[in-house]
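Architecture at a glance
What follows is each chain in one-letter form.
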Amino acid sequence: MSRLAAWLGVALAAVLVFWLLAPVLAPFVIAAVMAYVLHPLVLRLESLTQTRLPRVLLVLLVEALAILALLGLFLLLVPILIREWPLLQQQLPLLLDRLGDAINPLLSQLGLNVSLDLRDLKTQLVAYLSANREDWWAPLMSSLKLGGSAALALMGYVVLVPVVLFYLLHDWMRLVSIVTELVPPAWRGTFDSFMLESHSVLGEYLRGQLLVMLALSVFYAVGLGLFGLDLALPIGVFTGLAVFVPYLGFGLGLVLALLAGLLQFASAQALVMVAVVFGLGQLIESFVLTPRLVGERIGLHPLAVILALMAFGHLLGFVGVLMALPASAVLLVGLRRLRLQYLQSDLYQKSGAEQGRDKG
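The structure contained in this document is the topic of the report that follows. Here the structure is a predicted model, which means the values were calculated and not measured.

Comments concerning the overall build of the chain
Along its length, the chain carries 15 helices and 0 strands. Residue burial in the chain is summarised as follows: out of 360 residues, 32% are buried. In the chain, once contacts between residues fewer than 6 apart in sequence are set aside, the share between residues at least 24 apart is 70%. Approximately 22,400 Å² of the chain is accessible, and the part contributed by carbon and sulfur atoms is 73%.

Comments concerning the packing of helix H9 (residues 188–226) against helix H10 (residues 232–242)
Relative orientation of the contacting elements H9 and H10 amounts to 150°, with a least axis distance of 7 Å. Classified by the interaxial angle, the pair formed by H9 and H10 is roughly antiparallel. The hand of the H9/H10 crossing is right-handed. Seen from H9, the contacting residues are Met213, Leu216, Ser217, Tyr220, Ala221, Leu224 and Gly225; seen from H10, they are Ala232, Leu233, Ile235, Gly236, Val237, Thr239, Gly240 and Leu241. Looking at the contact of H9 with H10, its residues break down into 10 nonpolar, 5 polar and no charged.

A closer look at the side chain of Arg55
Considering the arrangement of structural elements, one finds Arg55 in helix H3 (residues 55–75). Relative accessible area serves as the criterion here: at 19%, Arg55 is assigned to the buried category. In this structure the side chain of Arg55 is engaged in a polar contact, spanning 3.2 Å, whose partner is the side chain of His39. A polar contact is formed between the side chain of Arg55 and the backbone oxygen of His170, at a distance of 3.0 Å. Setting aside anything within four residues of it in sequence, one finds Arg55 in contact with His39, Val42, Leu43, Glu46, Leu169 and His170.

Observations regarding the nonpolar core
Nonpolar side chains in soluble globular proteins tend to end up buried together. In this structure, Leu224, Leu229, Ile235, Met273 and Phe278 are the most contacted members of the largest nonpolar core, which totals 27 residues. Setting aside residues up to four positions removed in sequence, Phe278 forms contacts with Tyr220, Leu224, Thr239, Phe250, Gly253, Leu254, Ala257 and Met273. Residues Ala31, Ala66, Val164 and Leu165 belong to the second largest nonpolar core, which totals 17 residues.

A look at the pattern of salt bridges
All told, the structure shown has 4 salt bridges when counted by the stated rule. Here Glu197 and Arg336 are joined by a salt bridge, their closest N and O atoms 3.8 Å apart. Of the two residues, Glu197 sits in helix H9 while Arg336 sits in helix H14 (residues 318–344), which places them 139 residues apart along the sequence. On the accessibility criterion, Glu197 (25% relative accessible area) is partly exposed.

Criteria and thresholds
Residues numbered from 1 in each chain as written. Predicted model: local features only at pLDDT ≥ 70, side-chain atom pairs only at ≥ 80, totals over all residues. Heavy atoms only, no water. Helix = DSSP H or I, 4+ residues; strand = E, 2+ residues; numbered from the N terminus. Buried < 20%, exposed > 50% of the residue type's maximum accessible area, 1.4 Å probe, protein only. Contact = heavy atoms within 4.5 Å. Areas by Shrake-Rupley, 256 points an atom, 1.4 Å probe, with all protein chains shown as cover. Axes fitted to C-alpha atoms, helices over the stretch in contact; angles between N-to-C directions. Parallel < 35°, antiparallel > 145°, perpendicular 65-115°, else oblique. Left-handed = near helix turned anticlockwise from the far one by under 90°. Nonpolar A, V, L, I, M, F, W, Y, C, P; charged D, E, K, R; others polar. Polar contact = N/O pair within 3.5 Å; in protein donor to acceptor, adjacent residues only side chain to side chain. Core = buried A, V, L, I, M, F, W, Y, C linked by side-chain atoms within 4.5 Å. Salt bridge = Lys/Arg side-chain N within 4 Å of Asp/Glu carboxyl O.

By themselves, these are just geometric observations and shouldn't be taken as functional.
What follows is the structure in structure tokens.
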């Protein structure tokens, strides 16, 4: 019982620290997750090169590949922006005219003597979209000054995450050994088996999440392509890969698909396309792919997956959403062990024996 109380105290202290310092710890948590994922690749390269290359170079190589992969994800947006910006300048006035023509009759049928006049809005938007760089550069700079804390926070992520990731990758084994040495020798066997089981569960989670991302990339690209969207491939692949960040990736993909559809079709076909493809995609992801490929691999029930996302997101915000399923996987390992210890404890065994004697 004293061991259980000690572990519960450590767990509660860790939760309290994360809750209080979530904004500060966010880049460190992101870097730690990336280091955990990338460290096996560093070890693999060391075995292939037979330690002929310095570990620093191998760490820099792995980190560079990871950064290039993330940049590749964002570069999927480049063809979308290059194609959509001129179309936005051309089609936006027509779309606003159609919006006014569609809404004004509805207002009249409802008995509202209001006429929706979008001419001023259309003139301002067209002037803004047609402006040269000097016209929008000054307002952009002033807005960045007003939101300086957000801009500095973003720059902090861009600079701090790669630096922390490098040190974690380079000193990963040493850091692990330092943490292991803090565990009392009497608990070392239990600790090692717990960490080994957690490592296995987290590996299953990462493999399952990768399968979800690949499956959704194919689904969204094919679904948007069947509706005839020209940018179906980049938007579909981006949406599928971005679902690694729950809700945010889906929302960005939906907005991009809706904008591209309105500019290309200029009709209700865009709304139907987004409703069908992204509605089915969300249902498939939430009720089939994530529960089956991720939840079952780590032993979490589909309802537990949803609860974990909501609970961690509420407590820790965006960082909590990123940590929800991996942290739940480790927590599940601990709960399994607690259940086993309870079933083997004198409290459970003696209670069962006393109940049997009472019936006899």
